[in-house]
Amino acid sequence: MELYKVPRSSRIKVVRDIKVPPASPIVEEEEILNFSHVDGMYSYCTRDNGEVVHLAAWTEVEIV
């Protein structure tokens, strides 16, 4: 499912079509993240260590 369809505050696994803004941390396929919300073209997600990452709203993910 596309990230923009995921409910806020969900735990997600990145499946494919990974796009991040320039100079943002790289996100790997199959990585598990904490999704907060979509803000424009990108989302606000965190890793378990608290690092903020931004995925494109159309990134394919699964809810875990």
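Structure's up top.
Reading the values: the criteria
- Residues numbered from 1 in each chain as written.
- Predicted model: local features only at pLDDT ≥ 70, side-chain atom pairs only at ≥ 80, totals over all residues.
- Heavy atoms only, no water.
- Salt bridge = Lys/Arg side-chain N within 4 Å of Asp/Glu carboxyl O.
- Buried < 20%, exposed > 50% of the residue type's maximum accessible area, 1.4 Å probe, protein only.
- Core = buried A, V, L, I, M, F, W, Y, C linked by side-chain atoms within 4.5 Å.
- Helix = DSSP H or I, 4+ residues; strand = E, 2+ residues; numbered from the N terminus.
- Contact = heavy atoms within 4.5 Å.

(A) Fine view of the pattern of salt bridges. On inspection of all chains with the given rule, the structure shows 7 salt bridges. Ionic pairing is found between Glu51 and Arg47, a salt bridge with its closest N-O pair at 2.6 Å. Under the relative-accessibility criterion, Glu51 is labelled partly exposed at 31%. The structure contains a network of salt bridges with shared partners spanning Lys13, Glu30 and Glu62.

(B) View of the nonpolar core. Leu3, Val6, Ile12, Val14, Val27, Leu33, Phe35, Cys45, Val53, Leu55 and Val61 form the largest nonpolar core, which has 11 residues in total. Put simply, the parts of the chain that give this core at least two residues each are strand E1 (10–16) and strand E2 (32–39). When near neighbours in sequence (up to four residues on either side) are disregarded, Leu55 contacts Leu3, Ile12, Val14, Ile18, Lys19, Val20, Val27, Leu33, Met41, Tyr42, Ser43 and Cys45.

(C) A look at the environment of Met41. Its place among the elements puts Met41 in the loop between E2 and strand E3 (42–46). Remark: the alpha-carbon pair of Met41 and Pro25, spanning 16 residues in sequence, is separated by 16 Å. Not counting chain neighbours up to four residues away, the residues in contact with Met41 comprise Leu55, Ala56, Ala57 and Trp58.

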